[in-house]
Amino acid sequence: MNNCLICDDHQMMLQALRGSVQMSWPRAEITLAGDFPSAWSSAAAGPDLILCDLGMPGAGPVEGIRRLREVAPGSPVLVVTGVEDDQILLDMFEIGVAGFIPKVSSPTILELAMRLILAGGHYLPERMIKLTSRLSETSTEPPSFVAGANFSKLTVRQIEILRMIATGKSNKEIARALCLSPATVKAHVAAVIAALGSANRTEAAFAARNLGVI
């Protein structure tokens, strides 16, 4: 990552996010904004990543983020927020943000979310996965998101199978290598895909590789 725009109207949070980004990417050029008009102006430069709060002066959450997406359509937006309103979060998803992370999240989770988004994925916490399932019910496209926190739900065997999926092995090849039945492997693969919120085995392996899990 070469440059990052961080937007929050609270100086303490702004500096905390700046410190977290600098720890992960020491050479990244970081721009700070404390309100939506400043964020829109800075976003026009097309940063590699935008971290943005929802409750800032200058616009409401939906209008503020929508305008941000309009002025920087190629810049993924990670919403860092304490907002609990389900409808606003669903609106953000429809606008096309790349992910959500609660402000109470640890720096490690923030880094995982940023890495996944910069790799072309989406980061949604478990609560948002449940919310977005409402949208997928009327869509023919499977949701393309991964919740990094859900890697902790995988067993040692499932991590092993995930590694083998990432090397291109089929279920039958995995079954032979691990002395398991194809049905058992199929069940493990389904559990891995479900736990990661992925659309398929390829997406699960891609996310795991880019997050350094495998």
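Quick notes on the rules
- Residues numbered from 1 in each chain as written.
- Predicted model: local features only at pLDDT ≥ 70, side-chain atom pairs only at ≥ 80, totals over all residues.
- Heavy atoms only, no water.
- Helix = DSSP H or I, 4+ residues; strand = E, 2+ residues; numbered from the N terminus.
- Buried < 20%, exposed > 50% of the residue type's maximum accessible area, 1.4 Å probe, protein only.
- Contact = heavy atoms within 4.5 Å.
- Areas by Shrake-Rupley, 256 points an atom, 1.4 Å probe, with all protein chains shown as cover.
- Salt bridge = Lys/Arg side-chain N within 4 Å of Asp/Glu carboxyl O.
- Pairing = 2+ DSSP bridges.
- Right-handed = clockwise from strand over helix to strand, strands pointing away.
- Axes fitted to C-alpha atoms, helices over the stretch in contact; angles between N-to-C directions.
- Parallel < 35°, antiparallel > 145°, perpendicular 65-115°, else oblique.
- Left-handed = near helix turned anticlockwise from the far one by under 90°.
- Nonpolar A, V, L, I, M, F, W, Y, C, P; charged D, E, K, R; others polar.
- Disulfide = S-S within 2.5 Å.

**Here we look at the overall build of the protein chain**
And then number 1: Each helix and strand in the protein chain was counted, giving 10 helices and 5 strands.
And then number 2: Per-residue burial over the protein chain gives 43% buried out of 214 residues.
And then number 3: A separation of at least 24 residues holds for 64% of the contacts in the protein chain among residues at least 6 apart in sequence.
And then number 4: On the protein chain, roughly 10,400 Å² of surface is accessible, and the fraction owed to carbon and sulfur atoms is 53%.

**Brief notes about the pattern of salt bridges**
And then number 1: Under the definition given, this model contains 5 salt bridges.
And then number 2: A salt bridge links aspartate 8 to lysine 103, with the nearest nitrogen and oxygen atoms 3.1 Å apart. Of the two residues, aspartate 8 is situated in the loop between strand 1 (3-7) and helix 1 (11-24) and lysine 103 in the loop between strand 5 (99-102) and helix 5 (107-118); the sequence distance between them amounts to 95 residues.
And then number 3: Since its relative accessible area comes to 27%, lysine 103 is described here as partly exposed.
And then number 4: Across the pair glutamate 160 and arginine 157 runs a salt bridge whose closest N-O atoms are separated by 3.0 Å. You can see glutamate 160 and its partner arginine 157 sitting in helix 7 (residues 156-166), 3 residues apart, about one turn around the helix.
And then number 5: Through salt bridges with shared partners, a single ionic network connects Asp8, Asp53 and Lys103.

**Side note on the pairing of strand 3 (residues 49-52)**
And then number 1: Residue alternation in strand 3 divides its side chains into two sets, Leu49 and Leu51 and Ile50 and Cys52, and both sets are buried.
And then number 2: Across 4 bridges, strand 1 lies against strand 3 in parallel orientation. Bridged to cysteine 7 within strand 3 is cysteine 52.
And then number 3: Where strand 3 lies against strand 4 (residues 77-81), 3 bridges are found, and the strand directions are parallel. From the neighbouring strand, cysteine 52 faces strand 4, where its bridge partner is valine 79.
And then number 4: What joins strand 3 to strand 4 is helix 3 (residues 61-71), and the crossover it makes is right-handed.

**Focus: the packing of helix 2 (residues 36-43) against helix 3**
The angle between the axes and the distance between the axes are what describe a pair of packed helices.
And then number 1: Following both chains from N to C, one finds helix 2 and helix 3 inclined at 15°, their axes separated by 9 Å at the closest point. It follows that helix 2 is roughly parallel to helix 3 by the angle criterion. As for how helix 2 packs across helix 3, the hand of that crossing is right-handed. Judged by residue contacts, Phe36, Ala39, Trp40 and Ala43 of helix 2 engage Glu63, Gly64, Ile65, Arg67, Leu68 and Val71 from helix 3.
And then number 2: The class makeup of the residues in the contact of helix 2 with helix 3 is 7 nonpolar, 1 polar and 2 charged.

**Side note on the state of the cysteines**
And then number 1: Summed over the entire model, instances satisfying the criterion amount to 0 disulfides.
And then number 2: Cysteine 52 forms no disulfide, and the closest cysteine sulfur to it belongs to cysteine 7, at a distance of 4.2 Å.

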